[in-house]
Amino acid sequence: MEEKVNVLISEEEVSARIKEMAAELSRKYRGRTVHLIGILKGSIMFMAELSKHMTVPVTMDFLAVSSYGSGTVSSGNVTLKMDLSVDIEGRDVVVVEDILDSGRTLSYVVELLKEKNPDTLKVITLLDKPDRRVIPVELEMTGFEIPDRFVVGYGLDYAEKYRNLPFIGALD
């Protein structure tokens, strides 16, 4: 049975907001190199689009963590599946996440990265679902605040499906 996906945020809205976020980050980091760390797999489309529009030098790396499995509700158990491939000590690091939900995953990631002694560490997310927050996470920037619905598209999945949708959709 195929799930029904309703457009929550259009492709045009997503694209415009990412360009705004890239411009703001470029202003904040003028004269410096930004090391983007994407949280796999969901952030890959967001990070790729964001970096294309940044006007400061950018380097990239990825972390893979998991707390969902194949369900629609976080298990609450965060595990590191893949660590960084480069040293971030002394770098200006921006964590790029697809969605901030309970806060468990990002809180885990932030603590893990703090131990690696970056010069600065900021977190941005394309989507923020504040109604689901269990653990507070300080955000530098958010693309969109959304209601408590399970969303897919633009990198976000349901059982590995729907990542390729060019918009953010609510799964019903």
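Residues numbered from 1 in each chain as written. Predicted model: local features only at pLDDT ≥ 70, side-chain atom pairs only at ≥ 80, totals over all residues. Heavy atoms only, no water.

Undergrad: Help me understand the overall build of the protein chain, please; the structure alone is not making it clear to me.
TA: The number of helices and strands found in the protein chain is 3 helices and 9 strands. Starting at the N terminus and walking to the C terminus, you meet the elements of the protein chain as β-α-β-α-β-β-β-α-β-β-β-β. The C-alpha atoms of the protein chain give a radius of gyration of 15 Å, which matches the 16 Å a tight globule of 172 residues would have. Considered along the principal axes of its C-alpha atoms, the protein chain spans approximately 50 × 35 × 25 Å. Residues counted as buried form 47% of the 172 residues belonging to the protein chain. Counted over contacts in the protein chain with a minimum sequence separation of 6, partners at least 24 positions apart contribute 67%. Total accessible area on the protein chain stands at roughly 8,500 Å², and carbon and sulfur atoms take up 48% of it. The positive charge centre, built from 21 side chains, and the negative charge centre, built from 28, are 1 Å apart in the protein chain. (Helix = DSSP H or I, 4+ residues; strand = E, 2+ residues; numbered from the N terminus. Rg over C-alpha atoms; globule rule 2.2 N^0.38 Å. Buried < 20%, exposed > 50% of the residue type's maximum accessible area, 1.4 Å probe, protein only. Contact = heavy atoms within 4.5 Å. Areas by Shrake-Rupley, 256 points an atom, 1.4 Å probe, with all protein chains shown as cover. Lys, Arg positive; Asp, Glu negative; His and termini not counted. Charge placed at Lys NZ, Arg CZ, Asp CG, Glu CD.)

Undergrad: Teacher, can you tell me more about the side chain of Ser-26 here?
TA: Within the secondary structure layout, Ser-26 lies in helix H1 (residues 11-28). Setting aside residues no more than four positions away along its own chain, Ser-26 makes contact with His-53, Met-54, Thr-55 and Val-56.

Undergrad: I tried to follow the sheet that holds strand S9 (residues 168-171) on my own but got confused; where do I start?
TA: Paired through backbone hydrogen bonds, the strands of a sheet run either parallel or antiparallel to each other. With respect to topology, 3 strands assemble into an open sheet ordered S1-S9-S8, the strand pairing being antiparallel. Each of the sheet's edge strands pairs with one partner strand only, and the pair in question is strand S1 (5-9) and strand S8 (151-152). Relative to S9, S1 is paired through 4 bridges, and the arrangement is antiparallel. Looking at S9, one finds that Val-5 is bridged to Leu-171. (Pairing = 2+ DSSP bridges.)

Undergrad: Looking at this structure, how should I read unusual backbone geometry?
TA: With glycine set apart, most residues show a phi of negative sign, and most peptide bonds adopt trans. Backbone torsion omega between Leu-40 and Lys-41 reads 0°, so that peptide bond is classified as cis. With respect to the secondary-structure elements, Lys-41 resides in the loop between strand S2 (34-40) and helix H2 (44-52). Positive phi outside glycine occurs at Asn-117, with the angle close to 55°. Along the chain, Asn-117 turns up in the loop between helix H3 (104-114) and strand S6 (120-128). Even without glycine at this site, Tyr-154 takes up a positive phi of about 50°. Its place among the elements puts Tyr-154 in the loop between S8 and S9. Residue classification places Tyr-154 among the buried residues on the basis of a relative accessible area of 9%.

Undergrad: I would appreciate a short explanation of the packing of aromatic side chains in the present structure.
TA: Note on aromatic pairs: each is described by the distance of the centres and the angle between the planes. Following the criterion strictly, the structure yields 1 aromatic pair and no others. Here the aromatic rings of Phe-150 and Tyr-158 are separated by 6.1 Å at their centres, their planes lie at 85°, and the arrangement is edge-to-face. Accessibility expressed as a relative area gives 22% for Tyr-158, which makes it partly exposed. (Phe/Tyr/Trp six-rings, centres within 6.5 Å; stacked < 30°, edge-to-face > 60°.)

Just distances and angles here, no functional claims.
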